[in-house]
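Spelled out, the chains give:
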Amino acid sequence: MILYFVQSILLGGVLALIAKQSRGFNTYQLLLAAVWTAAVIVIRFKYGVDQVTFYSNDQETQVFLVNRFIKYGLSFSPNIAISDRYLVVIPVRMLNLFGIDPLLAFKFLQAISLSFIYKLCSDFLTREGITVKLWHAIFFAGPLFIFLSTIGLRDLEIALFATYFFIGRSTSLKLFSLLATGLLRPHLALALIFGWIIANYLQKFQPKRIYLVIIGLVVGAFAVGGYGYSAGSFLKYRTGLLTPRVFEQVVWWRFFSNLVGLQFLTFTDLVVKMSTSQLIALRLFFVDIFAIPLLFVFTLFATSSKLSVMRIQVFVSFAFFLGLVAQTNFNSSRQNLPFLSAMGVLGLAGVLKSRNTKNKVRLPTDQGVESNS
């Protein structure tokens, strides 16, 4: 326990160094370092070695994959690289060579990813002429993200790559992010590609009646995602080609429930272990689960050429992804995490730029950046 405590403090110090800027420390990143350090120590103290099953037994799988990598070494098979999660396992193994506990190393990579998600989204808002404030982080790096940074999973790494693909500036880094997403969650990479194709079509042809177009694209993307799941299952397991449920009421309830963070209501007690009251109470704490999708949908039909196309790209990718996962019993806010930061920052930019534009009309002498709306 003492060694784990010391390692946690040292890694927390590294997170604090990342918060260092030319004019001091970034408040959010510094708070993240402090909260993360305290949380991982408390979890270890409370649960001991059983912390691998706290919240998600996928942590146990992550540690198992590290141990298997240590035993069998590197394989150059693409299938093994994906199934054994090399993209996160190899960095953890490198930290482990310096004596860092493997599960703690996974948590550290999660926290590093969250710190960069915050920086990526903050830079995006700054480019849009918005002065970033601490409360803005609720919409792209909020309570759910901070909680998951203390759990030894891979979700925040995936979220970082997906967010960069949506709002990043470098083409080469976007391609790398897409490849990295494919290595960690292949079907998510397909969703990103599908949304990118649609966005490029919209930029070239700029169809009229965009409201009807968006509705048609979302329904179509959801259906294509469902058939994509069927095709993927056929190719992977060589079973009969299943007819996906894409126009049944239950799967569309799952789609809409994801927009308010209530997808657990569409599953039975065999899938959902916690009570409904407990899950609703958790959402009052993890407000980003429902606040982000609602804000995003509210701004989806805003008429700002660049941001509008980006929003449509994100939403179409999201609909495609939901079309896939709605065919299974594995649909949660944690799975949606790769879309939440992009949704939140685009929704926030839409609201704040609209407000800034109204203020400029009322007070012509105010300082600000002219909106593209």
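Residues numbered from 1 in each chain as written. Predicted model: local features only at pLDDT ≥ 70, side-chain atom pairs only at ≥ 80, totals over all residues. Heavy atoms only, no water.

Caption draft 1: Spotlight on the layout of surface pockets. Reported here for the second largest pocket is a volume of approximately 500 Å³. What lines the second largest pocket is a set of 21 residues, and nearest its centre among them are Phe165, Phe166, Gly168, Lys174 and Gln313. Elements supplying a minimum of two residues to the lining of the second largest pocket: helix 6 (102–127), helix 8 (155–167), helix 9 (171–184), helix 10 (186–205) and helix 15 (305–325). Looking at which element gives the most residues to the lining of the second largest pocket, the answer is helix 10, with 5 residues. Taken together, the residues of the lining of the second largest pocket sort by class into 11 nonpolar, 5 polar and 5 charged. (1 Å grid on protein atoms, 1.4 Å probe; cavity = no way out; pocket = protein on both sides within 12 Å on 5 of 7 lines; lining within 4 Å. Points joined across faces, edges and corners; volume = space filled by probe spheres on them. Helix = DSSP H or I, 4+ residues; strand = E, 2+ residues; numbered from the N terminus. Nonpolar A, V, L, I, M, F, W, Y, C, P; charged D, E, K, R; others polar.)

Caption draft 2: Highlighting the packing of aromatic side chains. With the rule as written, the count across this model stands at 24 aromatic pairs. Following the ring pairs from residue to residue traces out a cluster consisting of Phe165, Phe166, Phe222, Trp252, Phe255, Phe256, Phe296, Phe315, Phe318, Phe321 and Phe339. Here Lys20 stacks its cationic end above the ring of Phe25, 5.8 Å away from the centre of that ring. Positioned above the aromatic ring of Tyr4 is the side chain of Arg44, whose terminal nitrogen or guanidinium carbon lies 5.5 Å from the ring centre. (Phe/Tyr/Trp six-rings, centres within 6.5 Å; stacked < 30°, edge-to-face > 60°. Lys NZ or Arg CZ within 6 Å of the ring centre and 35° of its normal.)

Caption draft 3: Representation of the side chain of Lys107 in the model. Locating Lys107 in the fold gives a position in helix 6. With no salt bridge to any partner, buried Lys107 finds its closest opposite charge in Asp101, at an N-O distance of 7.5 Å. Sequence-distant contacts of Lys107, defined by excluding residues within four places in its chain, comprise Tyr4, Trp36, Val40, Ile43, Gln51, Gln59, Ser149, Thr150, Ile151 and Gly152. (Buried < 20%, exposed > 50% of the residue type's maximum accessible area, 1.4 Å probe, protein only. Lys, Arg positive; Asp, Glu negative; His and termini not counted. Salt bridge = Lys/Arg side-chain N within 4 Å of Asp/Glu carboxyl O. Contact = heavy atoms within 4.5 Å.)

Caption draft 4: Structural context of the confidence of the model for the chain. In the predicted model, the chain carries a mean pLDDT of 87, and the fraction of residues at 70 or more is 89%. Considering only residues more than four positions removed or in separate chains, one finds that residues 363–373, a stretch of pLDDT under 50, has 11 contacts. (pLDDT = per-residue confidence, 0-100.)

Caption draft 5: Geometry of unusual backbone geometry. Unusually for a residue other than glycine, Tyr55 sits at a positive phi of about 70°. By the element assignment, Tyr55 lies in the loop between helix 2 (27–47) and helix 3 (58–72). In this structure, Arg85 takes a positive phi of about 55° despite not being glycine. Among the residues examined, Arg85 registers a relative accessible area of 10% and is labelled buried.

Caption draft 6: Local environment of the packing of helix 8 against helix 10. Where helix 8 meets helix 10, the closest approach of the two axes is 11 Å, and the angle between their N-to-C directions is 10°. Judged by the angle between their axes, helix 8 and helix 10 are roughly parallel. On helix 10, the residues touching Ile158, Ala162, Phe165 and Phe166 of helix 8 are Leu188, Leu192 and Trp196. Taken together, the residues that form the contact of helix 8 with helix 10 break down as 7 nonpolar, no polar and no charged. (Axes fitted to C-alpha atoms, helices over the stretch in contact; angles between N-to-C directions. Parallel < 35°, antiparallel > 145°, perpendicular 65-115°, else oblique.)

Caption draft 7: How the structure looks around the nonpolar core. Judged by nonpolar contacts, the single largest core of 104 residues is most densely connected at Phe140, Phe255, Phe315, Phe339 and Met343. For Met343, the contacting residues outside a window of four places in its chain are Ile292, Phe296, Val314, Phe315 and Phe318. (Core = buried A, V, L, I, M, F, W, Y, C linked by side-chain atoms within 4.5 Å.)

Caption draft 8: Spotlight on helix 8. Between its first and last C-alpha, helix 8 extends 18 Å over 13 residues, near the 18 Å set by a 1.5 Å rise per residue. Among the 13 residues in helix 8, 13 count as buried, and that is most of the element. (Expected span 1.5 Å × (residues − 1).)

Caption draft 9: Seen up close, the packing of helix 8 against helix 9. Where helix 8 contacts helix 9, the two axes come as close as 8 Å, and the packing angle between them is 145°. Classified by chirality, the crossing of helix 9 by helix 8 is left-handed. Residues Glu157, Ile158, Phe161, Ala162, Tyr164, Phe165 and Phe166 of helix 8 pack against Leu173, Lys174, Phe176, Ser177, Leu178, Ala180, Thr181 and Leu184 of helix 9. (Left-handed = near helix turned anticlockwise from the far one by under 90°.)

Caption draft 10: Looking closely at helix 10. Compared with the 28 Å implied by 1.5 Å per residue over 20 residues, the 29 Å span of helix 10 between its first and last C-alpha is a close match. Here helix 10 has its buried residues at Leu188, Ala189, Ala191, Leu192, Gly195, Ile198, Ala199 and Leu202. Where helix 10 ends, the next residue or the one after it, Gln206, has phi of about 45°, a positive value.

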